[in-house]
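# A closer look at the structure
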Amino acid sequence: MRPSSSRRMAFVAVGLILIASASHSFGQTIRNITLEEAVELSLKNSKQLKLSQSNVDLAGLNIRQIKDNQLPSFSVSASYLRLNTPNINLKSSSDTSSGASSLHVNSVAYGMASASVPLFSGFRYKYSLESAKYLQEASRLDAETDRQAVIQNAIMAYSNLYKAKRSVDLVAENLVREHERVTEFTNREKNGIIARNDLLKATLQESNVQLTLMDAENDLKITTINMNLILGLPEDTQLAADSASFEVLKDAGNAMDWEQTALTHRKDMAAIAIRQKAAGSDIHVAKADLYPSVALTGGYVALSIPGFVTVPNAFNAGIGVSYNLASLWKTGSKIEEAKTRLYQLKTNEEILLDRVHLDINTAYYNYVLSKKKIEVYEKAVEQATENYRITKNKYDNSLVTTTELLDADVAQVQSKINFASAKADAIVAYKKLEQTAGVIN
């Protein structure tokens, strides 16, 4: 064997050993996971959903604060003051000089307690509470929209994991064949059956496949890390997707039915309608400034000025009415602002409706295209496999060149990768259609 051939074979052998060891270490603790399990884990550990739920909680706290504002308010205060010896003149019908000289006030102590219960505030409480409840419901709908997005994201990541693993497997199988071909060609070249140029072509093909495998394994590692982050699993967890999840395809139906489904099931459509109701209530809240406020009040005062006066139990109760006259010319801008917000929401609803129509049709025709691609790629696999078989027979009979044989092998592998990817892409496309229609689960 020539020295260059020995070095080449040694390089190939070492390369295969490294690839095999890397693949083994990467797949030592593989966890098989189904699509349903992936979706369940993504929902359980999604940080986005936790953030969405916090928005719902904040909306609930806003309702609680509004209700708390209608509860009685109660305040207590007390003071003790030390004074110098003041000059006190008491004006009365009697002689004041003797009364003033007999007073020696050097301290004051008092305590007060007051309570207030709002009775009427221009319907501000009613409409503020109504608006807050609408906004809480809208937050729930937003959280449901985020939930559907998380499901779709998990499905897409699962699909990418499956495609990456399938690519690694197919390219690894191809590398084994290329290595066997190089071994075979080396023996033929030694015996003078084929030209050295053909051996070099086979060796170059093997090197290209080896590089392709490295890229595929790197993509698999990155895809796995991304999947682990989505599922809330340790970063070094090795995952394997279930190919059965991509075998069953559903009928596409028709675009009009999907549009009607979206109009009745899209959570963002429902949320913007709810927010319009909240904006209508906010208009009434702004108008509340035009009305007076009425409250039931009560209080208690205790006062002690040693040597002068003591008031131990002064109680008071009554009804207080307040009205800010400036609201007559200041409230108009608030009302117009509230009406403008309602108008913006109605306009946003029209924009969203147009986007729903476009999204539904885009998702629908993408799914239809994905199903057609599967049929084409399935035929392509059969054709590429048969083409390789025929080309191999012709090559064995010296009817085609080595380049044609290698090209047929590459086309066969690529067709299998395309077919596997098409099946995964079709499932993602259908789930995207369901998400766009608001019925993904």
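This one's a predicted model, so the numbers in the text were calculated from it and none came from an experiment.

The subject of this paragraph is the overall build of the chain. When you go through the chain residue by residue, the secondary structure sums to 10 helices and six strands. Accessible surface, the chain: about 25200 Å² in total, of which carbon and sulfur atoms supply 56%.

As a further point, take the sheet that holds strand β2 (residues 73-82). Strand order in the open sheet made by the four strands is β2-β3-β5-β6, with antiparallel pairing throughout. Strands with a single pairing partner mark the edges of an open sheet, and in this sheet they are β2 and β6 (309-322). Ignoring strand direction, the axes of neighbouring strands in this sheet form an average angle of 10°. Pairing between strand β5 (residues 293-305) and β6: 12 bridges, direction antiparallel.

A separate point is a negative patch on the surface. Residues E36, E37, E40 and D242 make up a contiguous surface patch of negative charge. Relative to the helices and strands, D242 resides in the loop between β4 (238-241) and α7 (255-265).

We now examine the packing of aromatic side chains. Enumeration according to the criterion identifies 10 aromatic pairs in this entry. Measuring from ring centre to ring centre gives 6.3 Å for F120 and Y291, while their planes differ by 90°; the resulting arrangement is edge-to-face. Taken as a pair, F120 in strand β3 (residues 107-120) and Y291 in the loop between α8 (267-287) and β5 lie far apart in primary sequence, 171 residues in all. With relative accessibility at 29%, the residue F120 sits in the partly exposed group. Centroid distance F185 to Y395: 5.7 Å. Interplanar angle 20°. Geometry classified as stacked. Note that F185 is positioned in helix α5 (residues 124-190) and Y395 in helix α9 (residues 327-396), a separation of 210 residues in sequence. Residue classification places F185 among the buried residues on the basis of a relative accessible area of 2%.

This part covers the confidence of the model for the chain. The share of residues in the chain with pLDDT of 70 or more is 89%, and the mean pLDDT across the chain is 87. Across the chain, element-level confidence peaks in α8 with a mean pLDDT of 95 and bottoms out in helix α1 (residues 3-26) with 47. Taken together, the stretch residues 1-7 has pLDDT below 50 and engages in six contacts with residues farther than four places along the chain or on a different chain.

Right, let's get into the side chain of R266. Following the sequence through the fold, R266 ends up in the loop between α7 and α8. Setting aside chain neighbours within four positions, we find R266 in contact with T261, L352, V356, Q435, T436, A437 and G438.

Moving on, we come to α9. Compared with the 104 Å implied by 1.5 Å per residue over 70 residues, the 98 Å span of α9 between its first and last C-alpha is a close match. S398 lies just past α9 and shows a positive phi near 60°.

Right, let's talk about a nonpolar patch on the surface for a bit. Taken together, the side chains of F123, L290, Y291, Y323, L325, L328 and W329 make up a nonpolar region of the molecular surface, amounting to roughly 760 Å² of accessible area. Structurally, W329 can be placed in helix α9. Overall, the relative accessible area of 64% leaves W329 in the exposed class.

Grouped together as the largest cluster of nonpolar side chains are 35 residues, with contacts concentrated most on I33, I155, Y158, M227, L231 and L239. Sorting elements by how many residues they give to this core places α5 first, with 12 residues. Apart from residues lying up to four places away in sequence, M227 is in contact with A38, A154, A157, Y158, L161 and L239. The next biggest cluster of nonpolar side chains, apart from the first, holds 23 residues, and it includes A252, A255, W258 and A363.

In this section: the packing of helix α3 (residues 47-69) against α5. Contact geometry of α3 with α5 gives a least axis separation of 9 Å together with a crossing angle of 170°. Looking at the two axes, α3 sits roughly antiparallel to α5. Classifying every residue of the contact of α3 with α5 gives 11 nonpolar, eight polar and five charged.

A separate point is the pattern of salt bridges. Taken as a whole and judged by the stated rule, the model has 17 salt bridges. Notably, a salt bridge pairs R124 with D289, separated by 2.2 Å at the nearest N-O pair. Within this pair, whereas R124 is found in helix α5, its partner D289 is found in the loop between α8 and β5, the two being separated by 165 residues in sequence. Among the ionic pairs, K165 bridges to D169, the shortest N-O distance being 2.8 Å. Of this pair, K165 and D169 both sit in helix α5, four residues apart, which is roughly one turn of the helix. Overlapping salt bridges bring together R177, E178, R181 and D409 as one network.

The terminal C-alpha atoms of helix α10 (residues 402-437), which comprises 36 residues, lie 52 Å apart, in line with the 52 Å expected from a rise of 1.5 Å per residue. Along α10, 26 of the 36 residues are buried, which leaves the element largely enclosed by surrounding structure. One or two residues past the end of α10 sits G438, with phi positive at roughly 80°.

Looking now at the packing of helix α6 (residues 196-231) against α10. As a packed pair, α6 and α10 sit with axes 10 Å apart at the nearest point and diverge in direction by 20°. With respect to their mutual orientation, α6 and α10 come out roughly parallel. You can see that α6 and α10 cross each other, and the crossing is right-handed. Listed contacts from α10 to D198, K201, A202 and Q205 of α6 are T402, T403, L406 and V410.

When you line up the elements, Q435 lands in helix α10. Owing to a relative accessible area of 16%, Q435 belongs among the buried residues under this scheme. The residues touching Q435, leaving out its near neighbours within four places in the chain, are Q148, A149, Q152, R266 and I440.

Looking at where L220 falls in the secondary structure, it is placed in helix α6. By relative accessible area, which is 4% here, L220 ends up buried. Sequence separation between L220 and L161 is 59 residues; the distance between their C-alpha atoms is 6.7 Å.

Criteria and thresholds
- Residues numbered from 1 in each chain as written.
- Predicted model: local features only at pLDDT ≥ 70, side-chain atom pairs only at ≥ 80, totals over all residues.
- Heavy atoms only, no water.
- Helix = DSSP H or I, 4+ residues; strand = E, 2+ residues; numbered from the N terminus.
- Areas by Shrake-Rupley, 256 points an atom, 1.4 Å probe, with all protein chains shown as cover.
- Pairing = 2+ DSSP bridges.
- Axes fitted to C-alpha atoms, helices over the stretch in contact; angles between N-to-C directions.
- Patch = residues over 30% accessible without salt bridge, like charges linked within 9 Å, V, L, I, M, F, W, Y side chains within 5 Å.
- Salt bridge = Lys/Arg side-chain N within 4 Å of Asp/Glu carboxyl O.
- Lys, Arg positive; Asp, Glu negative; His and termini not counted.
- Charge placed at Lys NZ, Arg CZ, Asp CG, Glu CD.
- Phe/Tyr/Trp six-rings, centres within 6.5 Å; stacked < 30°, edge-to-face > 60°.
- Buried < 20%, exposed > 50% of the residue type's maximum accessible area, 1.4 Å probe, protein only.
- pLDDT = per-residue confidence, 0-100.
- Contact = heavy atoms within 4.5 Å.
- Expected span 1.5 Å × (residues − 1).
- Core = buried A, V, L, I, M, F, W, Y, C linked by side-chain atoms within 4.5 Å.
- Parallel < 35°, antiparallel > 145°, perpendicular 65-115°, else oblique.
- Nonpolar A, V, L, I, M, F, W, Y, C, P; charged D, E, K, R; others polar.
- Left-handed = near helix turned anticlockwise from the far one by under 90°.

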